[in-house]
Amino acid sequence: MAGKPVRPVNAIDQTRRMLSLVTYLRERPGARVEDVARAFGISEDELVSDLDVLPMCGTSFRGGDLLDIDTDGERIWWHNPAALGAEGAEPLRLAADEATALLVAARAVSTLPGLRESDRQALLRATAKVETAAGEAAGASSRLSVTFESEGGVFADVDRAISERRRLWIRYYSPARDEVTEREIDPIRLVSVGHTYVEAWCRRSEARRTFRLDRVAEIKILDEPSAPPEVELRDLSEGLVQPAAEDPEVVVEVGPGGRWVAEYYPHDSADELADGGLRITLRTPEPASLRRLALRLGRDGRIVSPAELADSARQAAREALAAYDGVEAQSADGAHRDHDGQ
């Protein structure tokens, strides 16, 4: 059974996209569906799904304040763009819980490392205005705080480097090779496909590479200007990993407990096996990276070909088992010594 992995829908990514979509459509009456989908790096089906949600959004839940957007399948029409304009808006009134949430979030964002000082000051001024308008509700927000995980700081530094056209130095963990490397990169853009990544020109490999932000162990913005070569931006509507036809072919067989592989890895085919498993044919520029997949699968799967990769995966499994047995033996020996000493 041939198939294509379904890209998981990320609610945060979709919300960000739809907020941008509102501005984009307002400036482009009658925009073509295929042009909008291409601009946002999504499929036409995903775009239509977003358009089905937008009519339920607006400045309030009154009929005239909801977005009147529809499509005939070829073009997109917005019939009441004034609903979001100053002429159609009423003064914003925040409930106490809304004001508290907004103030806590604003203060947290203002502490992000790497945030441009001009943006920080603008945010603090806006926060002060909200505090004044919120009155007593602002008091509750002062007793709450939010701390972002480290990825937030990395994101801010990458965003700043892109804006200021500066090179980055990073220490990056590569799970395929299980190692941390240092490299300088010229960032091109930030992308979100399940996780957040920076697409960049890597000066170490002299090629375009994509780095996952939560795998960046350390980051520094350099004084050297960023100067990536002119590259054509990839269409990511089919997912971040898009194997090329010339990439080496790998065949993996999985049991019923390993069928998830076909959902997470782009593949050429996935044929049903008699035991309820799958024979999956896929392509990857780095076949060695699939050794970790084989270790993770354990008895639920194995690499069939190429033969050298299958042998390498079996050897890695034997080494992992030997290391585990060694730890168990040391633990048992220590327990015996403790018992004898009592």
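Note that this is a predicted model, so its numbers are computed, not measured.

Procedures and definitions
Residues numbered from 1 in each chain as written. Predicted model: local features only at pLDDT ≥ 70, side-chain atom pairs only at ≥ 80, totals over all residues. Heavy atoms only, no water. Helix = DSSP H or I, 4+ residues; strand = E, 2+ residues; numbered from the N terminus. Buried < 20%, exposed > 50% of the residue type's maximum accessible area, 1.4 Å probe, protein only. Contact = heavy atoms within 4.5 Å. Areas by Shrake-Rupley, 256 points an atom, 1.4 Å probe, with all protein chains shown as cover. Pairing = 2+ DSSP bridges. Axes fitted to C-alpha atoms, helices over the stretch in contact; angles between N-to-C directions. Salt bridge = Lys/Arg side-chain N within 4 Å of Asp/Glu carboxyl O. Arc of directions from axis to C-beta. Phe/Tyr/Trp six-rings, centres within 6.5 Å; stacked < 30°, edge-to-face > 60°. Lys NZ or Arg CZ within 6 Å of the ring centre and 35° of its normal.

## Section: the overall build of the chain
And step 1. Secondary structure assignment for the chain yields 10 helices and 11 strands.
And step 2. Taken over 342 residues, the chain has a buried fraction of 33%.
And step 3. In the chain, once contacts between residues fewer than 6 apart in sequence are set aside, the share between residues at least 24 apart is 58%.
And step 4. A total of about 20900 Å² of accessible surface is found on the chain, and carbon and sulfur atoms cover 52% of it.

## With respect to the sheet that holds strand β8 (residues 249–254)
And step 1. An order of β9-β10-β8-β11 is seen for the 4 strands of this open sheet, with the pairing classed as antiparallel. The open sheet has two edge strands, β9 (269–272) and β11 (301–305), and neither has a second partner. Between one strand and the next, the sheet's axes are offset by a mean angle of 20°, whatever the strand orientation.
And step 2. Bridging between β9 and strand β10 (residues 278–283) involves 4 bridges; their strand directions are antiparallel. Counterpart to Asp271 in the pairing with β10 is Arg279.

## Section: the environment of Val254
And step 1. Relative to the helices and strands, Val254 is located in strand β8.
And step 2. According to the relative accessible area criterion, Val254 is buried, its value standing at 2%.
And step 3. In this structure the C-alpha to C-alpha distance between Val254 and Gly277, which are 23 residues apart in sequence, comes to 5.3 Å.

## Regarding the pattern of salt bridges
And step 1. Within the structure shown, the criterion is met by 22 salt bridges.
And step 2. Two residues, Arg166 and Asp223, come together in a salt bridge whose shortest N-O distance is 3.6 Å. Of this pair, Arg166 sits in strand β3 (residues 166–174) while Asp223 sits in strand β7 (residues 216–225), and the two are 57 residues apart along the sequence.
And step 3. Overall, Asp223 belongs to the exposed group, its relative accessible area being 72%.
And step 4. Residues joined by salt bridges that share partners form a network here, namely Arg167, Glu184, Asp186, Arg203, Glu206 and Glu224.

## Quick word on helix α9 (residues 290–297)
Given 3.6 residues to a turn, an α-helix orients residues that are three or four positions apart in the same direction.
And step 1. Leu290, Leu293, Ala294 and Leu297 are the residues of α9 that are buried. Down the axis of α9, the sector holding all buried residues measures 100°, keeping them to one side.

## Re the pairing of β10
One face of the sheet, then the other: side chains in a regular strand alternate in exactly this way.
And step 1. Pairing geometry for β8 and β10, over 6 bridges, is antiparallel. Following the sheet pairing, Glu253 is matched in β10 by Arg279.
And step 2. The antiparallel hairpin formed by β9 and β10 contains 5 residues in its connecting segment, where Gly276 sits at a positive phi of about 95°.

## Re the environment of Val154
And step 1. Within the secondary structure, Val154 sits in helix α7 (residues 150–164).
And step 2. Expressed as a C-alpha distance, the spacing of Val154 and Asp214, which sit 60 residues apart in the sequence, is 8.1 Å.
And step 3. Leave out the neighbours within four places in its chain, and Val154 touches Leu213, Val216 and Ile219.

## Section: the packing of aromatic side chains
And step 1. Scanning the entire structure with this criterion turns up 2 aromatic pairs.
And step 2. Geometrically, the ring pair formed by Tyr24 and Phe40 is edge-to-face, given 5.3 Å between the ring centres and 80° between the ring planes. Highlighted residues: Tyr24 in helix α1 (residues 11–26) and Phe40 in helix α2 (residues 33–40), separated in sequence by 16 residues.
And step 3. Pairing Tyr172 with Phe211 gives two aromatic rings, centres 5.0 Å apart and planes at 80°, and the pair type is edge-to-face. Here Tyr172, found in strand β3, pairs with Phe211, found in strand β6 (residues 207–212); they are 39 residues apart in sequence, far enough to count as distant. No difference in accessibility class separates Tyr172 from Phe211, as the two residues are buried.
And step 4. In this structure, Arg28 is placed above the aromatic ring of Tyr24, and the distance from its NZ or CZ to the ring centre is 3.8 Å.
And step 5. Positioned above the aromatic ring of Trp169, the side-chain terminus of Lys220 is 4.9 Å from the ring centre.

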